[in-house]
Amino acid sequence: MKNRIRALFRRRFNSWLDKRSPRCSEITLNQRRIFIIPSSAGLGFAIMLLGLLLLAINYQNNLIFALCFWLFSIFLVAILHTYANLSGLLLRAGAAEPVFAGELASFHLHLEGGRRDRHRLNVGFPNQQMEVCDIDAEMGAANVIIKYPTQKRGALRPGRMEVTSRYPLGILRCWSAPSLDWHCLVYPRPRCLRPLLNSADSGEGHIPDRSNDSDEFSGFNRYQAGQSPRRIFWKAYAKGQGLLVKQYEQSQADELILDWDSLEGLSVEERLSTLCAWALDCDKQGLAYGLKLPKLSVPSGSGSGQLSKVLRELAVF
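Scope of this entry: the structure provided in the associated data block. All values reported here derive from a predicted model rather than from experimental measurement.

## Looking at the nonpolar core
What tends to happen in soluble globular proteins is that the nonpolar side chains get buried as a cluster.
Link 1 in the chain: Judged by nonpolar contacts, the single largest core of 29 residues is most densely connected at L89, L91, L109 and M161.
Link 2 in the chain: For this core, the elements supplying multiple residues, two or more each, are β3 (90-96), β5 (104-112), β6 (118-124), β7 (131-135), β8 (141-149) and β12 (184-187).
Link 3 in the chain: Per-element tally for this core: the top contributor is β5, with four residues.
Link 4 in the chain: Ranked by size, the runner-up nonpolar core spans 25 residues in total, among them W278, V298, L307 and V310.

See below:
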């Protein structure tokens with residue numbers, strides 16, 4: 001029952017926040033978006049003030065009255081300083097690199113503090129590790145990378161973040177919950193559950209070697225780690241020209257296609273994870289490959305651009 005009431009309150013509060021502070025790419029914190037409540041230390045401070053006040057009234061002691069009112073004035077001044085530490089702070093959503101499911105997504109946050117020093121700013125997502133940063137008035141800005149765990153593939157929108165501060169005394173908690181327009185592409189988790197078969201082969205499954213004599217020679221490229229040693233042009237290396245590898249044009253009959261239909265018996269997510277692992281292996285070996293999904297196909301290609309295109313289609317499938 002307690003959890004249900006808490007969840008209902010959180011939904012109502014988030015709905016109110018959505019109207020008060022909608023999603024946007026950049027936001028400036030002002031009085032509509034900043035909230036101040038006493039911290040646990042602040043509650044203890046308030047109880048102490050109440051005890052001093054009762055003690056002063058009971059004994060009619062002017063010194064205790066003076067101490068109580070002096071401490072209360074400090075509490076009021078702390079409210080202004082705590083609010084000023086967040087007021088006028090500009091937050092701008094940065095880039096977010098794609099990750100594989102199960103990894104931590106990194107969201108870049110750009111903060112601009114204007115002409116005022118900002119101290120002990122805690123930024124992050126609810127229930128996640130918070131990053132602490134300061135902004136010097138001379139620099140005027142700071143960049144922070146916020147981590148967020150991923151579980152499923154697809155387009156990830158992390159929701160509202162939190163910016164909190166307890167500066168200067170720690171007796172007040174000033175916070176804001178802006179919703180920045182962040183999105184991160186999450187690729188399927190690579191798991192090779194089936195061996196990759198060449199579309200032109202019928203033998204044992206493996207990633208085929210593309211250095212066949214029947215392929216047409218197309219030139220030389222610089223050697224990259226992971227390429228077959230049989231492609232190295234040793235004569236050029238003996239002449240001091242570095243490691244060069246022979247490149248061959250693939251024949252159309254020997255085209256390598258990562259085919260969805262070749263993974264019968266696996267679930268949707270298992271097929272996507274296997275296709276993801278195949279694409280990574282092909283890219284590592286410098287092979288040209290294509291992708292075939294239901295109602296979608298990616299033409300053959302190679303390089304980082306081809307890998308990004310294939311992984312994106314797998315993520316949003």
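After presenting the structure, the write-up continues.
## Concerning the side chain of S165
Link 1 in the chain: Of note, S165 is situated in strand β10 (residues 162-165).
Link 2 in the chain: A distance of 2.7 Å separates the side chain of S165 from the side chain of N85, its partner in a polar contact.
Link 3 in the chain: Of the polar contacts made by the side chain of S165, one reaches the backbone nitrogen of Y167; its length is 3.3 Å.

## Comments concerning the packing of helix α2 (residues 40-59) against helix α3 (residues 62-86)
Link 1 in the chain: Taken N-terminus to C-terminus, the directions of α2 and α3 make an angle of 155°; their axes are 9 Å apart at the nearest point. Accordingly, the angle class assigned to the pair α2 and α3 is roughly antiparallel. The crossing of α2 and α3 is left-handed. Counted together, F45, M48, L49, L52, L53, L55, A56 and I57 of α2 and I64, F65, L67, C68, L71, F72 and F75 of α3 form the full contact between these two elements.
Link 2 in the chain: Each residue belonging to the contact of α2 with α3 can be placed in one class, and the counts come to 15 nonpolar, no polar and no charged.

## Observations regarding empty space enclosed by the protein
Link 1 in the chain: A full pass over the atoms with the stated rule returns one cavity of 30 Å³ or more.
Link 2 in the chain: Estimates place the volume of the largest cavity at around 40 Å³.
Link 3 in the chain: Lining the largest cavity are L17, R20, S21, R32, R33, F35, S176, A177 and P178.
Link 4 in the chain: Grouping the amino acids of the lining of the largest cavity by side-chain chemistry returns four nonpolar, two polar and three charged.

## Focus: the packing of aromatic side chains
Link 1 in the chain: Evaluation of the coordinates by the stated rule reveals nine aromatic pairs.
Link 2 in the chain: Between F35 and W175 the ring centres are 5.0 Å apart and the planes differ by 35°, which places this aromatic pair in the tilted class. With F35 in strand β2 (residues 35-38) and W175 in strand β11 (residues 172-176), the pair connects residues that are 140 residues apart, well separated along the chain. For the pair shown, F35 and W175 are each scored as buried.
Link 3 in the chain: Pairing F45 with F75 gives two aromatic rings, centres 6.1 Å apart and planes at 10°, and the pair type is stacked. With F45 in helix α2 and F75 in helix α3, the pair connects residues that are 30 residues apart, well separated along the chain.
Link 4 in the chain: Residue F45 is classed as buried on the basis of its relative accessible area, which comes to 16%.
Link 5 in the chain: Judged by its relative accessible area of 14%, F75 falls in the buried class.
Link 6 in the chain: Counting every residue linked through ring pairs, the aromatic cluster contains F107, F125, Y148 and W182.

## Thoughts on the layout of surface pockets
Rolled over the atoms, a probe with the dimensions of a water molecule shows which regions are left empty.
Link 1 in the chain: In this structure, the largest pocket spans a volume of roughly 640 Å³.
Link 2 in the chain: Those elements giving two or more residues to the lining of the largest pocket turn out to be α1 (2-20), β8 and β11.
Link 3 in the chain: A per-element tally of the lining of the largest pocket places α1 first, with six residues.
Link 4 in the chain: Looking at the lining of the largest pocket residue by residue, the class counts come to 11 nonpolar, five polar and six charged.

## What to know about the side chain of R271
Link 1 in the chain: Note on placement: R271 falls in helix α5 (residues 268-284).
Link 2 in the chain: No salt bridge is formed by the buried R271. Its closest oppositely charged neighbour is D261, at 4.8 Å.
Link 3 in the chain: One polar contact links the side chain of R271 to the main-chain carbonyl oxygen of L266, over a distance of 3.2 Å.
Link 4 in the chain: Residues within four places of R271 in sequence aside, it is in contact with W260, L263, E264, G265 and L266.

## Notes on the environment of C133
Link 1 in the chain: Assignment of secondary structure puts C133 in strand β7.
Link 2 in the chain: Measuring from C-alpha to C-alpha, the distance between C133 and H119 comes to 7.3 Å, with 14 residues separating the pair along the chain.
Link 3 in the chain: Other than its neighbours up to four places away in sequence, C133 contacts H119, R120, L121 and V144.

## Observations regarding the sheet that holds β10
Link 1 in the chain: Spatially, the five strands line up as an open sheet ordered β2-β11-β10-β6-β7, and their pairing is antiparallel. Each edge of the sheet is formed by a strand with only one pairing partner; in this case those strands are β2 and β7. Strand-to-strand, the axes of this sheet are offset by a mean angle of 30°, without reference to chain direction.
Link 2 in the chain: Inspection of the sheet shows β6 paired to β10 by three bridges, in the antiparallel sense. Bridging across to β10, G124 finds its partner in E162.
Link 3 in the chain: Across the sheet, α3 touches β2, β6, β10 and β11, and the angle it forms with β11 is around 25°.

About the criteria used
Residues numbered from 1 in each chain as written. Predicted model: local features only at pLDDT ≥ 70, side-chain atom pairs only at ≥ 80, totals over all residues. Heavy atoms only, no water. Core = buried A, V, L, I, M, F, W, Y, C linked by side-chain atoms within 4.5 Å. Buried < 20%, exposed > 50% of the residue type's maximum accessible area, 1.4 Å probe, protein only. Helix = DSSP H or I, 4+ residues; strand = E, 2+ residues; numbered from the N terminus. Polar contact = N/O pair within 3.5 Å; in protein donor to acceptor, adjacent residues only side chain to side chain. Axes fitted to C-alpha atoms, helices over the stretch in contact; angles between N-to-C directions. Parallel < 35°, antiparallel > 145°, perpendicular 65-115°, else oblique. Left-handed = near helix turned anticlockwise from the far one by under 90°. Contact = heavy atoms within 4.5 Å. Nonpolar A, V, L, I, M, F, W, Y, C, P; charged D, E, K, R; others polar. 1 Å grid on protein atoms, 1.4 Å probe; cavity = no way out; pocket = protein on both sides within 12 Å on 5 of 7 lines; lining within 4 Å. Points joined across faces, edges and corners; volume = space filled by probe spheres on them. Phe/Tyr/Trp six-rings, centres within 6.5 Å; stacked < 30°, edge-to-face > 60°. Lys, Arg positive; Asp, Glu negative; His and termini not counted. Salt bridge = Lys/Arg side-chain N within 4 Å of Asp/Glu carboxyl O. Pairing = 2+ DSSP bridges.

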